[in-house]
Amino acid sequence: MAVSETERTAQISFKIREAIRKALPAPPEQFFTVMIPGKVVNFADFTEGFDTEGNLTTPVLPTSVELAQAILCDDMPVLAPVQLGPTGRSVARSYDAAISKLVPNGTTIGVDVEGDGSGLDGERKRHHDAMVWLTARDPQKDNKTRVEIYAEKQAAHTLSVENKVKAFDAALKRAMSGPLNSTIASQRAAYNEWVNENARTYRNSMQAAYMDWVVNGNKEEVEYWFSIVDRQSSMARVEASKEAMRNAVVQDTDGSAEFNRVKLSPTNWAVIAQKKAHSGHNQTRTVEWYTWEVSRLKKMNSLLEAMTETAPTLAATGNTGAADLKNTDAHLKEVMVAFLKARDAYLAAEKPGSKVPQAERDSLRVAYKEASAKLDEERAAKNKEDLQAINHFAEEAQNTMHQNLKNNGLAKKEMDANTATIQEYTAAISALLSSGQDGGNSGNSLVQAVANDAKIPAPMKDPATAKSTDEPDYFTAISVEISSSSSSETSSSHATTASFGASVSWGLFGVSANASHSDAASDAAKAMASSSCKISFECMRVDISRSWLRSELFFDSDLTVGPDQVLSPGYGRLRDLLEGSAQTSNPKETIEEELQRYSTFPMYPTAANTVLEISGETSAIQNHFKTSSNSAGGSVGYGPFSVSSNASHTQTKASSDFQATANGC
């Protein structure tokens, strides 16, 4: 049974997602969503303030980088394992809407106690007893409460400590500035002498103040009872998060919008990813490249030979006689003179104070309009004649060029140059093949390729040759194989849980190309869709930290949601719903409808060197990548990867390379 493009998209997307999830496992409360196609990141927006080694060169992260990171991480994921493009929903705004639904789970202890507190039990009674004890007044101490007495004794002790610090600092300054203390040793001796004379006095003063605080200020008792009443309300924690959101904003460049700051780890992730992408760029001419150029030059020589043998001649069209053009110009001049006379006569008759009769004025107006229409008609005819003359000259020039190719030897010179280049490239191919440096088509490279197919691991890195300056590798290698055949049942079930919020044109096999190569790109996309593929790529985990997002609020037992409000069914149930393994709790409600109830803020985002090996008929793919390498653009999407052979297409695709293999490309 044939599989539709949507089903094939879901199937391959899930295989790629499963490979990434196995390589980068997540805890049970986290769910992995992969975006198809992935975001194209311009590393230049994130590397300002870093040197080439990834070291920060500014005291703080530049505002432009903070803004770019805030925008990048503010896209809300969808409730699905696979996401087709950005959702347009903001993480910050969704979080604000979610915590605005939180309400206290009951009444905060101590805020609703009235009277003598009789009838209270448990924590409420202890809270009431603590408040009674702390606010009780002592008639022998000016009728002050125990808290007031505690505060006075604490202030006296603090003042004693402050006086000691000031005295010691002043003594040190006097010792250093004394006229008799010219050396470090004499300054130290003078300071030590003062310390020996006065240190005990200040220590005793501090000890006396502390003892007064402990005994008369009831220090231990007050602190014990105060720990019982010192409770932050649940809503105060919610408001603290909202205040943190208001403080952690960065404005857009035009000041029209605000985004909430995020911190990414590692901080220099963009520099690391950029270096990784550029490390795979190969500027060496391979056998495959030479072969392609030789084939192209031979075709060019065949075309030049055909043009010299039967030079095409275009039939010249258009009226280009000098006399005819001159007559046309003279006639247009006559029409312009008539128009100016009619215009001047009409304007003179319409001047204020003119004595021209109304009937004559009407006649002059009609004559002016007729002259204007005649001028427009003649001007259009003149433009048409000029265009025909241009076409005639162009056709004659092209015919002359074809004749020059044959008569002046231009074609022979071009063919001789191509022939010399063909010989040079053929010799280069032989040299590469004989030396075994063919970019992976013979010698040790071929042996290693066969070993890979036989599941023989690559050699380990020799510790004797390892350098101590080797940089840590943040990337994880991932490999996945996708067969050309697929089960329609499996892909259909996957498609039901995939999020196709964007149009199907955003799907797995998205195509982007200019007009001259759109057909080649379309054929390449179809070939990639129907072929077996082995994908090897490396990915780096970048953790997102939001100081203003307090996830513990959703686990706070003192908080709940209002009536008829829902946020999330819990990560266990939510994971089962997203994976498609859950059973509906309500027979009248589908899984999609249940997920829709948790769309406010059920989850938020917390957390490349790619090789595609395609087996099968790949001539259309090869043709696309070869013809688009010199064009203004041409790329094919496969899963989250956008592949382009054009080095100038975007900076992030500058390292793309294409090579043909025995089984495909």
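Heads up: the structure comes first, above all this text.
Fair warning: this is a prediction, and the values are worked out from it, not measured in the lab. (Residues numbered from 1 in each chain as written. Predicted model: local features only at pLDDT ≥ 70, side-chain atom pairs only at ≥ 80, totals over all residues. Heavy atoms only, no water.)

Asker: I'm lost on the packing of aromatic side chains in this one. Help?
Answerer: Aromatic rings in a pair are described by how distant their centres are and how their planes are angled relative to each other. Following the criterion strictly, the structure yields 13 aromatic pairs and no others. Ring geometry for Trp133 and Trp225: centres 6.4 Å apart, planes at 25°, overall stacked. Pair noted here: Trp133 is in helix α4 (residues 122-135) and Trp225 is in helix α7 (residues 219-229), with a separation of 92 residues, a long-range link. Pairing Phe168 with Tyr202 gives two aromatic rings, centres 6.3 Å apart and planes at 70°, and the pair type is edge-to-face. Taken together, the residues Phe168 in helix α5 (residues 146-177) and Tyr202 in helix α6 (residues 184-215) connect sequence positions 34 residues apart. (Phe/Tyr/Trp six-rings, centres within 6.5 Å; stacked < 30°, edge-to-face > 60°. Helix = DSSP H or I, 4+ residues; strand = E, 2+ residues; numbered from the N terminus.)

Asker: I tried to follow the pattern of salt bridges on my own but got confused; where do I start?
Answerer: Opposite charge on two side chains permits pairing when their charged atoms draw close. Summed over all chains, the structure comprises 19 salt bridges. Arg379 is the partner of Asp376 in a salt bridge, and the nearest nitrogen-oxygen pair spans 2.5 Å. One end of the pair, Asp376, and the other, Arg379, are both in helix α12 (residues 358-407), three residues apart, so they sit about a helical turn from each other. Classification of Asp376 as partly exposed rests on a relative accessible area of 40%. Residue classification places Arg379 among the partly exposed residues on the basis of a relative accessible area of 37%. (Salt bridge = Lys/Arg side-chain N within 4 Å of Asp/Glu carboxyl O. Buried < 20%, exposed > 50% of the residue type's maximum accessible area, 1.4 Å probe, protein only.)

Asker: Would you explain the side chain of Asn268 in this entry?
Answerer: Mapped onto the elements of the fold, Asn268 is located in the loop between β8 (263-265) and α9 (269-279). A residue is classified by how much of its surface remains accessible, and Asn268, at 16% relative accessible area, is buried. At a separation of 3.2 Å, a polar atom in the side chain of Asn268 contacts the main-chain carbonyl oxygen of Gly54. Sequence-distant contacts of Asn268, that is, excluding residues within four places in its chain, are made with Phe50, Glu53 and Gly54. (Polar contact = N/O pair within 3.5 Å; in protein donor to acceptor, adjacent residues only side chain to side chain. Contact = heavy atoms within 4.5 Å.)

Asker: Please explain the environment of His402 as it appears in this structure.
Answerer: Relative to the elements of secondary structure, His402 occurs in helix α12. We classify His402 as buried; its relative accessible area is 8%. Placed 95 residues apart in sequence, His402 and Met307 show a C-alpha to C-alpha distance of 7.4 Å.

Asker: Would you mind showing me how to read the nonpolar core here?
Answerer: Looking at soluble globular proteins, one finds that nonpolar side chains tend to be buried together. Tyr95, Leu102, Trp548, Leu553 and Phe601 are the most contacted members of the largest nonpolar core, which has 17 residues in total. Residue assignment for this core shows that the elements contributing at least two residues are α3 (91-99) and α8 (234-247). Per-element tally for this core: the top contributor is α3, with five residues. Counting 15 residues, the second-largest nonpolar core is a separate cluster that includes Phe46, Ala270, Ile272 and Phe475. (Core = buried A, V, L, I, M, F, W, Y, C linked by side-chain atoms within 4.5 Å.)

Asker: How should the packing of α3 against α8 be read in this particular structure?
Answerer: The relative placement of two packed helices is expressed as an angle between their axes plus a distance between the axes. Axis separation between α3 and α8 bottoms out at 11 Å; the angle between their running directions is 160°. Accordingly, the angle class assigned to the pair α3 and α8 is roughly antiparallel. Crossing angle aside, the handedness with which α3 passes α8 is left-handed. Residues Ala92, Tyr95, Asp96 and Ile99 of α3 lie in contact with α8, whose contacting residues are Val238, Ser241, Lys242 and Met245. Looking at the contact of α3 with α8, its residues break down into five nonpolar, one polar and two charged. (Axes fitted to C-alpha atoms, helices over the stretch in contact; angles between N-to-C directions. Parallel < 35°, antiparallel > 145°, perpendicular 65-115°, else oblique. Left-handed = near helix turned anticlockwise from the far one by under 90°. Nonpolar A, V, L, I, M, F, W, Y, C, P; charged D, E, K, R; others polar.)

Asker: Even after reading the chapter, I still don't get the environment of Ala427, so can you show me in this structure?
Answerer: Relative to the helices and strands, Ala427 resides in helix α13 (residues 410-435). Remark: the alpha-carbon pair of Ala427 and Tyr290, spanning 137 residues in sequence, is separated by 9.8 Å.

Asker: Help me understand the side chain of Ser94 in this model?
Answerer: Here Ser94 is to be found in helix α3. Taking the relative accessible area as the measure of exposure, Ser94 reaches 8% and is therefore buried.

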